[in-house]
Amino acid sequence: MSLPVEVIEGIKAGKVILFVGSRFAMEAAEEANLAYPEARDLAKELGWKKPKIAIGAKARPATPSVEEGCALYEQANGRSALVEKLKQLTDPKCGPSAAHKTAAERFPLVFTTCGDELLEAAARENGVPLDVLERGDKIPDPDPARRTLVRLRGSYSRPESLLLTPSDFQSRQLGPEARKQLRTLIRNNVVFFVGYRVDEEEFERLFTELSDAYGGELPRCHLACAQGPIDDYLWQKWVWRGLLLFLSDPGEAMKELGVRP
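Remember, it's a predicted structure, so these values are computed and weren't measured experimentally.

**Student:** Describe in detail the overall build of the protein, supporting the description with residues and values.
**Tutor:** Helices and strands together make up the secondary structure of the protein, namely 12 helices and 7 strands. A compact globule built from 261 residues would reach a C-alpha radius of gyration of about 18 Å, and the protein, at 18 Å, matches this within 12%. Expressed along its principal axes, the backbone C-alpha trace of the protein runs to roughly 55 × 40 × 40 Å. The buried share among the 261 residues of the protein stands at 49%. Of the contacts formed within the protein by residues at least 6 apart in sequence, a portion of 72% connects residues at least 24 apart. When the accessible surface of the protein is split by element, carbon and sulfur atoms take 50% of a total near 12800 Å². Side-chain charges in the protein split into 36 positive and 39 negative, and the spacing between the mean points of these groups amounts to 2 Å.

**Student:** Outline the packing of helix 3 (residues 39-46) against helix 4 (residues 66-77), supporting the account with residue identities and numerical values.
**Tutor:** Where helix 3 meets helix 4, the closest approach of the two axes is 8 Å, and the angle between their N-to-C directions is 20°. Of the possible angle classes, the one that applies to helix 3 and helix 4 is roughly parallel. Judged by the twist between their axes, the crossing of helix 3 over helix 4 is left-handed. Counting all contacts with helix 3, which are made through Ala39, Leu42, Ala43 and Leu46, the residues of helix 4 involved are Val66, Gly69, Cys70, Leu72 and Tyr73. A per-class count over the contact of helix 3 with helix 4 returns 8 nonpolar, 1 polar and no charged.

Reading guide: rules and limits
Residues numbered from 1 in each chain as written. Predicted model: local features only at pLDDT ≥ 70, side-chain atom pairs only at ≥ 80, totals over all residues. Heavy atoms only, no water. Helix = DSSP H or I, 4+ residues; strand = E, 2+ residues; numbered from the N terminus. Rg over C-alpha atoms; globule rule 2.2 N^0.38 Å. Buried < 20%, exposed > 50% of the residue type's maximum accessible area, 1.4 Å probe, protein only. Contact = heavy atoms within 4.5 Å. Areas by Shrake-Rupley, 256 points an atom, 1.4 Å probe, with all protein chains shown as cover. Lys, Arg positive; Asp, Glu negative; His and termini not counted. Charge placed at Lys NZ, Arg CZ, Asp CG, Glu CD. Axes fitted to C-alpha atoms, helices over the stretch in contact; angles between N-to-C directions. Parallel < 35°, antiparallel > 145°, perpendicular 65-115°, else oblique. Left-handed = near helix turned anticlockwise from the far one by under 90°. Nonpolar A, V, L, I, M, F, W, Y, C, P; charged D, E, K, R; others polar.

Interpretation in functional terms is not warranted from these geometric data alone.
Pasting the structure below:
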């Protein structure tokens, strides 16, 4: 596996913005021999059920929705119970991986859709000062001398900041200023997604939100697609949307940067 030249050159110039997905946490948990659910299993654990399809109808199998599962669990048990359930299942009880440490050390500006705080822990272990911003905060331009983490969906340490259900996203859409800042960042930098899969809702939601902020289809972006192959339908779907994919787990992609954790 080799990183795209555009990403390598962008990193050298300090002009890459990194988006970190939940496969970072999954990989860290697996390295520590701890359980971490696949998105489809998490959705079902929360109460998502496969929709009924009329006999004879042809359709691609429905993707298990973690957001819908969260909404169902919240309806049945309340918000606090939902947060505790998710924290129990997806907040790894381990330290950051080498991939977390490389991300915190090498990239001036990182966005994350994770609720855990392994990136903050990685920065502390590396002795790297890190500014942590929440959704809607003013986003700085990438600065090679600084490290900034933007939490797009909140964190478990601040439960009120978490975006978990469809209604959460609907009620807390990015405002005009945040959308303008994202548009400028995307236009002036290389966008690199790591720790996602295109067949999971987490990435679909993120890519759609970024496209909306940009005002149309994004310019060429790069995705290190984690945990195994993607079927031809999805591969073509995302290539048509301007996404350049290659198969790589977070640890493999970060190791390729040639930085010692």
